[in-house]
Amino acid sequence: MKNMKQGGIPNLTARYAAKYDEAKLKAVVFDHYTDPYMVFSDFFAVSNIKEHLLGLKKMYKCATALMRIKTAPANVIYGRELFSVVLNATWVIDQTGVKFSQLEERELCRGRSGGVLSNEKAADYLTDAEINDPYLGIKNVFKKTDLHQCHVALNEWLKMALCKNEFEADYKGRRKLYKCIAKVLICCWLIYEREIVSPEV
């Protein structure tokens, strides 16, 4: 792939590649993406935002309640992989500071809508400022939480939900990590719907 100049941003392909190399060092699941915004259309082609949030909640709740997932465990494994890919993409976006509106080749990222989510539901995880500017929401997540911590938490929840291992009740931070990952998913959805699916003319 040639080193494209996107929207007047020199060496963006190389910058993305360097940050993805860093993300892979922090990840449990590796992905093949080299452009973070290409992740969004693929992510929402699989399921809408409500279904993704339900999948994350199911994995987390089953892990913390010591309930083994018996129905469609393959879907849970696939969901964990999707969430990991989205975490990498949003981390790369935060690290490079490049917004979708700055890119020239935008049509390649366009796909179907990622569904509908009420403002009330979004407000469970995002502040008003973060709803208005989801890039701020992503930045705030990675100010408080390390990418590697998020990956480890997802992997841990998956193993506990599938294997019914003992859950350490005194482990602090699991709820915070769950809310951080949910926030990332909603921020992705907001960016995707506003800037990619239905951009303002």
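As shown above, the structure is provided for reference.
The present account deals with the structure reproduced in this document. All residue numbers refer to positions counted from 1 along the written sequence of the respective chain. In view of the model being predicted, local features appear only for residues whose pLDDT reaches at least 70, and side-chain atom pairs are presented and counted only at 80 or more, with totals across whole chains, interfaces and linings using the full set of residues. For the side-chain quantities, the full set of heavy atoms in the structure was used; hydrogens and water were omitted.

Some thoughts on the nonpolar core
Working definition of a nonpolar core: buried Ala, Val, Leu, Ile, Met, Phe, Trp, Tyr and Cys residues. They are joined through side-chain atoms within 4.5 Å. Exposure classes here rest on a 1.4 Å probe applied to the protein chains alone. A residue is buried below 20% of its type maximum, exposed above 50%, and partly exposed in between. Residues Tyr 37, Phe 40, Leu 56 and Trp 157 are the most contacted members of the largest nonpolar core, which totals 65 residues. Each helix corresponds to a stretch of at least 4 residues labelled H or I by DSSP, and each strand to a stretch of at least 2 residues labelled E; elements are numbered beginning at the N terminus. Take this core: its biggest share by element is 15 residues, from helix α9 (residues 174–197). Leave out the neighbours within four places in its chain, and Leu 56 touches Phe 83, Leu 154, Trp 157, Tyr 178, Ile 181, Ala 182 and Leu 185. Here, residues are in contact when the closest pair of their heavy atoms is within 4.5 Å.

Focus on the packing of helix α2 (residues 36–46) against α9
For the pair α2 and α9, interaxial distance at closest approach is 10 Å and the crossing angle is 100°. Between α2 and α9, the crossing angle belongs to the class labelled roughly perpendicular. Within the contact between the two elements, α2 uses Tyr 37, Phe 40, Ser 41, Phe 43 and Phe 44 and α9 uses Leu 185, Cys 188, Trp 189, Ile 191, Tyr 192 and Ile 196. Axes here refer to lines fitted to C-alpha atoms; in helices the fit is confined to the stretch in contact. Angles between the N-to-C directions go from 0 to 180 degrees. Roughly parallel means an angle under 35 degrees; roughly antiparallel means over 145; roughly perpendicular covers 65 to 115; every other angle is labelled oblique.

Focus: the environment of Lys 24
Along the chain, the position of Lys 24 falls in helix α1 (residues 12–26). Between the C-alpha atoms of Lys 24 and Asn 88, which are 64 residues apart in sequence, the distance is 7.9 Å.

Examining the environment of Ile 9
Along the chain, Ile 9 falls in the segment before α1. The spacing of Ile 9 and Gln 102 is 93 residues in sequence and 7.9 Å in space, taken between C-alpha atoms.

Some points on the side chain of Asp 94
Summarising the element assignment, Asp 94 is placed in helix α4 (residues 73–96). Look past the residues within four positions of Asp 94 in its chain and what remains in contact with it is Ile 138, Lys 139 and Phe 142.

Points about the pattern of salt bridges
The rule for a salt bridge is simple: a side-chain nitrogen of Lys or Arg has to be within 4 Å of a carboxyl oxygen of Asp or Glu. This structure, assessed with the given rule, holds 3 salt bridges. The shortest N-O distance in the salt bridge between Glu 22 and Lys 19 comes to 3.3 Å. On the criterion of helical spacing, the pair formed by Glu 22 and Lys 19 is a turn pair, its members being 3 residues apart in helix α1. For Glu 22, a relative accessible area of 34% puts it in the partly exposed group. One salt bridge in this structure joins Glu 130 and Lys 183, with 3.0 Å as the shortest N-O distance. Of the two residues, Glu 130 is situated in helix α6 (residues 128–132) and Lys 183 in helix α9; the sequence distance between them amounts to 53 residues.

Some points on a positive patch on the surface
In this analysis, a patch consists of residues with relative accessible area above 30% that form no salt bridge, clustered at 9 Å for like charges and at 5 Å for the nonpolar side chains Val, Leu, Ile, Met, Phe, Trp and Tyr. We get accessible surface area from the Shrake-Rupley algorithm with a probe of 1.4 Å; when it comes to residues, only the shown protein chains can shield them. When charges are counted, neither His nor the chain ends are considered; positive counts come from Lys and Arg and negative counts from Asp and Glu. For charged residues, the charge sits on one atom: NZ in Lys, CZ in Arg, CG in Asp, CD in Glu. A grouping of Lys 57, Lys 61, Lys 121, Arg 175 and Lys 179 is seen on the molecular surface, where their side chains present a positively charged patch. Sorting the residues of the positive patch by element identifies α3 (49–64) and α9 as the ones contributing at least two each. Examined against the element boundaries, Lys 179 turns out to sit in helix α9.

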